[in-house]
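Breakdown of the fold
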Amino acid sequence: FGTLGVGAGFALAAAQLHPERQVYIIYGDGSAGYSLMEFDTFARHGLPVIGLIGNDACWTQIEREQVPMFGDDVSCVLAYLDYERVAQGLGAAGLRIEGPEEGAA
């Protein structure tokens, strides 16, 4: 768990080092909570980082082992959040994609 949520810092460095390349962050909703504020940094500095957040309202990596071991998902369940609105509030573009047909460009 030492690298949980560090994707935005890595993306920030990659976008600055290689401005000619497209930079993506792929988050789970739990790990996104650790560095969502970096979207403010991306917007303020004009860094076109694309973040994709899988929003399953759960610490799924933890739950996958915890439930079989202990028979309970205590502290694994999260709320479904409107992450696209968080991005917009931080000055970035935010889109919500409900299924694969919406993600096709």
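One structure accompanies this document, and this report is about it. (Residues numbered from 1 in each chain as written. Predicted model: local features only at pLDDT ≥ 70, side-chain atom pairs only at ≥ 80, totals over all residues. Heavy atoms only, no water.)

Topic: the side chain of Ser35
The residue Ser35 is located in the loop between helix H2 (29–32) and helix H3 (38–44) in this model. Ser35 gets classed as buried once you look at its relative accessible area, which sits at 9%. Within polar-contact distance, the side chain of Ser35 engages the side chain of Tyr27 at 2.6 Å. In this structure Ser35 touches Gly5, Ala8 and Tyr27, once residues within four positions along its chain are discounted. (Helix = DSSP H or I, 4+ residues; strand = E, 2+ residues; numbered from the N terminus. Buried < 20%, exposed > 50% of the residue type's maximum accessible area, 1.4 Å probe, protein only. Polar contact = N/O pair within 3.5 Å; in protein donor to acceptor, adjacent residues only side chain to side chain. Contact = heavy atoms within 4.5 Å.)

Structural notes on the environment of Gly28
Following the sequence through the fold, Gly28 ends up in strand E1 (residues 23–28). Gly28 sits in the partly exposed class, given a relative accessible area of 32%. If we skip the residues at most four places from it in the chain, Gly28 touches Ile53 and Gly54.

Re the packing of aromatic side chains
Taken as a whole and assessed by the stated rule, the structure comprises two aromatic pairs. Measuring from centroid to centroid gives 6.3 Å for Tyr34 and Trp59, while their planes differ by 70°, and the two rings are edge-to-face. Linking Tyr34 in the loop between H2 and H3 with Trp59 in the loop between strand E2 (49–54) and helix H4 (60–70), this pair joins segments that are 25 residues apart in sequence. Accessibility expressed as a relative area gives 54% for Tyr34, which makes it exposed. A residue is classified by how much of its surface remains accessible, and Trp59, at 23% relative accessible area, is partly exposed. (Phe/Tyr/Trp six-rings, centres within 6.5 Å; stacked < 30°, edge-to-face > 60°.)

Some remarks on the pairing of E1
Burial along E1 is one-sided: the face carrying Val23, Ile25 and Tyr27 is buried and the face carrying Tyr24, Ile26 and Gly28 is not. Two strands pair when backbone bridges link them, and E1 and E2 are joined in this way by six bridges, in the parallel orientation. For Ile25, the partnering residue across the bridge sits in E2 and is Gly51. (Pairing = 2+ DSSP bridges.)

Some thoughts on the side chain of Glu84
Tracing the sequence through the fold places Glu84 in helix H5 (residues 83–89). According to the relative accessible area criterion, Glu84 is buried, its value standing at 15%. A polar atom in the side chain of Glu84 sits 3.3 Å from the side chain of Arg96.

A word on unusual backbone geometry
A positive phi angle is found at Ala57, which is not glycine, with a value near 55°. Tracing the sequence through the fold places Ala57 in the loop between E2 and H4. What makes Ala57 buried here is its relative accessible area of 6%. Unusually for a residue other than glycine, Ser75 sits at a positive phi of about 70°. Residue position: Ser75 is located in the loop between H4 and H5. Among the residues examined, Ser75 registers a relative accessible area of 67% and is labelled exposed.

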